[in-house]
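Below, each chain spelled out in residue letters.
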Amino acid sequence: MFTQQGNNFIKPFIKSELEKQVGLPVDVELFKLRYNNTEFKIVVNKVLTIDVESVFNLLGLSFDGTYTIYANNFVYDDVNFKQANINGEFKGVPDDIYLNGKGNTFEAPLNYYLRVLDGNAKEVSVQFKDMDISDILALTKQPAIAKGKVDANVTIPTLVSGELNAHGVINFDGITFNDALMKKLYKVSMPKAMQVDGLVDANVTDTEIMGGADMQSNIANVTLKNLSFNRETKHVSSQYIVNIMNLKALSELLRTKIDGAILLKGEVEKKEKLKVTGLTKSLGGEIHYMLVDKNLTSSIVAVPVKNMLKTFRFPAFVDAEASGNLKYNLLNKKGNTKLALQEFKLASNQITKSVQMMILKDPSSIIFGETSLDADIDGDNINYTLMASSHDASIKVAEGSIDREKDLHEAKIEFGYNKYAVAGSIGGSIRHPSIRFDTKGLMPAKIPDIDVMSKVEREIRKFFKRLF
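Right, let's walk through the structure included here. (Residues numbered from 1 in each chain as written. Predicted model: local features only at pLDDT ≥ 70, side-chain atom pairs only at ≥ 80, totals over all residues. Heavy atoms only, no water.)

This next bit is on the overall build of the protein. Secondary structure assignment for the protein yields seven helices and 28 strands. The C-alpha radius of gyration of the protein comes to 35 Å, more than 25% above the 23 Å expected for a compact globule of 468 residues. The burial tally for the protein puts 35% of its 468 residues in the buried class. A separation of at least 24 residues holds for 37% of the contacts in the protein among residues at least 6 apart in sequence. Here the protein displays about 26900 Å² of accessible surface, and carbon together with sulfur accounts for 55% of that area. (Helix = DSSP H or I, 4+ residues; strand = E, 2+ residues; numbered from the N terminus. Rg over C-alpha atoms; globule rule 2.2 N^0.38 Å. Buried < 20%, exposed > 50% of the residue type's maximum accessible area, 1.4 Å probe, protein only. Contact = heavy atoms within 4.5 Å. Areas by Shrake-Rupley, 256 points an atom, 1.4 Å probe, with all protein chains shown as cover.)

A few words on the environment of Thr 66. Here Thr 66 is to be found in strand E4 (residues 62–72). Residues Thr 66 and Ser 54, 12 residues apart in the sequence, show an inter-C-alpha distance of 6.4 Å. Apart from residues no more than four positions distant in its own chain, Thr 66 is found in contact with Asp 51, Val 52, Glu 53, Gly 88, Glu 89 and Phe 90.

By the definition in use, this model includes seven aromatic pairs. Ring plane angle 50 degrees and centroid distance 6.1 Å describe the contact between Phe 63 and Phe 90, whose orientation is recorded as tilted. Placement of the pair is Phe 63 in strand E4 and Phe 90 in strand E7 (residues 83–93), with a sequence separation of 27 residues. A residue is classified by how much of its surface remains accessible, and Phe 90, at 15% relative accessible area, is buried. By the ring-pair criterion, three or more aromatic residues cluster together here, those being Phe 74, Tyr 76, Phe 81 and Phe 106. (Phe/Tyr/Trp six-rings, centres within 6.5 Å; stacked < 30°, edge-to-face > 60°.)

Moving on: unusual backbone geometry. In this model, Lys 187 sits at a positive phi of 55 degrees, which is unusual for a non-glycine residue. When you line up the elements, Lys 187 lands in the loop between helix H3 (179–186) and strand E13 (196–205). Phi at Asp 293 takes a positive value of approximately 60 degrees, unusual for a residue other than glycine. Counting through the fold element by element, Asp 293 comes out in the loop between strand E19 (286–292) and strand E20 (295–304). Residue classification places Asp 293 among the partly exposed residues on the basis of a relative accessible area of 36%.

On to the nonpolar core, then. The biggest cluster of nonpolar side chains holds 55 residues, and the ones touching the most others in it are Val 44, Ile 133 and Ile 244. The contact partners of Val 44, leaving out residues within four places of it in the chain, are Leu 24, Pro 25, Val 26 and Phe 74. (Core = buried A, V, L, I, M, F, W, Y, C linked by side-chain atoms within 4.5 Å.)

Across seven bridges, E19 lies against E20 in antiparallel orientation. Note that in E20 the partner of Val 292 across the bridge is Asn 295. Between the antiparallel neighbours E19 and E20 lie two residues, among them Asp 293 with a positive phi of about 60 degrees. Pairing between E20 and strand E21 (residues 318–329): eight bridges, direction antiparallel. Counterpart to Val 303 in the pairing with E21 is Ala 322. (Pairing = 2+ DSSP bridges.)

Another point: the pattern of salt bridges. Scanning the model with the defined rule gives 11 salt bridges in all. As a salt-bridge pair, Asp 179 and Lys 183 come within 3.4 Å of each other at their nearest N and O atoms. Of this pair, Asp 179 and Lys 183 both sit in helix H3, separated by four residues, roughly a single helical turn. Salt bridges here are not isolated pairs; linked through shared partners, they connect Lys 15, Glu 19 and Asp 27. (Salt bridge = Lys/Arg side-chain N within 4 Å of Asp/Glu carboxyl O.)

Mapped onto the elements of the fold, Asp 132 is located in strand E10 (residues 120–132). At 2.8 Å, the side chain of Asp 132 forms a polar contact with the side chain of Ser 134. Excluding anything up to four places from it in sequence, Asp 132 contacts Lys 147, Gly 148 and Lys 149. (Polar contact = N/O pair within 3.5 Å; in protein donor to acceptor, adjacent residues only side chain to side chain.)

The subject of this paragraph is the side chain of Asp 403. Examined against the element boundaries, Asp 403 turns out to sit in strand E25 (residues 393–403). One buried charged side chain, Asp 403, makes no salt bridge at all; its nearest oppositely charged neighbour is Lys 406, positioned 4.5 Å away. In this structure the side chain of Asp 403 is engaged in a polar contact, spanning 3.0 Å, whose partner is the backbone nitrogen of Lys 406. Those residues in contact with Asp 403, other than ones at most four positions away along the chain, are Asp 380, Asn 381, Leu 408 and Ile 430. (Lys, Arg positive; Asp, Glu negative; His and termini not counted.)

What follows concerns H3. Where H3 begins, the side chain of Asn 178 points an oxygen toward the backbone nitrogen of Ala 180, at a separation of 3.3 Å. Directly beyond the C-terminal end of H3, a positive phi value near 55 degrees is found at Lys 187.

A few words on helix H1 (residues 4–22). Residue pairs spaced three or four apart in an α-helix point in one direction, given the helix's 3.6 residues per turn. For H1, spanning 19 residues, the distance from its first C-alpha to its last is 26 Å, which sits close to the expected 27 Å at 1.5 Å a residue. At Ile 10, H1 shows its strongest bend, of approximately 30 degrees, with the proline Pro 12 following within four residues. Phi turns positive, to about 70 degrees, at Gly 23, one or two residues after H1. (Expected span 1.5 Å × (residues − 1). Bend = angle between axes of the 7 residues up to and from the residue.)

Let us now look at the pairing of E19. Taking every second residue as pointing to the same face, the buried face of E19 carries Ile 287, Tyr 289 and Leu 291, while none of Glu 286, His 288, Met 290 and Val 292 on the other face is buried. As judged from the six bridges shared by strand E18 (residues 274–280) and E19, these two strands associate in the antiparallel manner. For Val 276, the partnering residue across the bridge sits in E19 and is Leu 291. Between the antiparallel neighbours E18 and E19 lie five residues, among them Gly 284 with a positive phi of about 85 degrees.

It is worth spelling out the environment of Ile 300 at this point. Tracing the backbone shows Ile 300 in strand E20. Accessibility expressed as a relative area gives 10% for Ile 300, which makes it buried. For Ile 300 and Gln 342, which are 42 residues apart along the polypeptide, the C-alpha to C-alpha distance reads 13 Å. Ignoring any residue separated from it by four or fewer positions in sequence, one finds Ile 300 in contact with Glu 286, Ile 287, Ala 322, Ser 323, Gly 324 and Leu 339.

Function cannot be read off these values alone, since they describe shape.
As structure tokens, then:
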């Protein structure tokens with residue numbers, strides 16, 4: 001056995017066993033076994049080379065050696081390991097082996113250490129730097145939805161079943177997403193030029209993953225705290241903070257024009273159903289929300305309407321504080337909202353000043369104490385009514401209808417102040433509606449001449465066009 005003739009006899013058996021294990025062609029280029037040392041070199045599929053040199057003590061069954069792994073575009077199980085160049089050392093006895101290595105794989109620096117005690121891996125430590133996330137996705141058989149660099153530092157005291165208690169810190173740098181593939185696989189359009197950096201810090205046991213994450217991008221920052229995932233029940237829970245600095249970048253994803261920033265804080269859990277609860281104060285006042293499976297409910301408390309209008313990129317043509325509730329089903333896209341608007345008033349502008357000249361009252365000085373907005377949502381269609389009243393004035397918008405798919409807005413309008421009244425209708429597009437009015441009841445005390453009447457109607461049309 002310890003002669004070259006004996007080594008040559010054993011080589012075919014080694015080749016056959018290795019090919020059976022890896023499922024690829026193996027060439028045993030060198031196999032040299034002597035009384036106190038050994039050398040062997042194998043080449044797998046002509047692109048992966050492994051060199052091993054070792055000295056050993058037959059009486060003490062101890063050994064000490066080095067190894068080198070070199071690969072050039074080695075493909076195994078449909079994964080291309082690209083270039084690999086790793087050097088390492090090993091020593092010990094058959095039931096207690098120490099192994100280390102360092103070099104490059106997937107074109108990224110790699111360093112590792114482990115101990116194999118009684119056949120079980122212990123004291124495992126792995127560090128790699130600047131590995132492309134697309135290679136990690138390929139290695140784990142996931143779609144190549146992202147690019148960017150990943151650093152990791154993982155320590156595993158033991159891999160013995162029932163005793164696992166690993167800790168890992170993973171850093172992400174410059175992660176970008178394949179928008180076309182995201183649309184195809186998940187029906188989600190990622191914001192353009194979105195780039196993500198972040199950190200994940202987690203502990204892993206046989207039954208649970210616990211930790212947190214802090215991810216930053218040029219659009220939003222996301223922080224997860226007290227994250228817990230039960231590997232047996234698949235239950236997950238976490239506290240979260242989502243700080244969206246650029247809502248405008250999410251307009252395409254949400255299919256509506258929005259702007260500004262918003263901070264969301266709350267908790268998420270997934271058992272039989274997904275449940276998300278949270279609060280935002282970013283618009284002034286408070287908006288509490290809860291999502292259970294596909295059903296969203298929200299409680300709105302004293303939120304300035306002008307802030308809501310600004311967020312949805314409308315001019316602040318009214319001022320009020322909105323309180324009420326919203327219900328919406330994400331699956332059938334149906335819902336409703338009922339809002340009470342406290343101290344509702346029109347914003348002062350040139351149009352209200354022109355109207356003041358006609359009715360001898362500044363409309364922006366009228367505070368409507370009782371104002372309500374009711375709306376029903378059905379997909380892209382919204383039907384609504386608005387009722388505002390004070391002791392001597394009123395605004396009513398009835399049969400309001402918005403079709404987002406066709407970009408249509410229709411409604412009937414009535415405005416009254418003392419003995420003056422005007423009725424009209426809205427038509428045209430959502431953001432650029434056309435307004436028509438009958439101004440006959442506006443100035444009943446006298447019959448105005450045609451020029452005055454035309455001027456009044458023009459000003460009223462401008463006024464309500466800005467309002468709606």
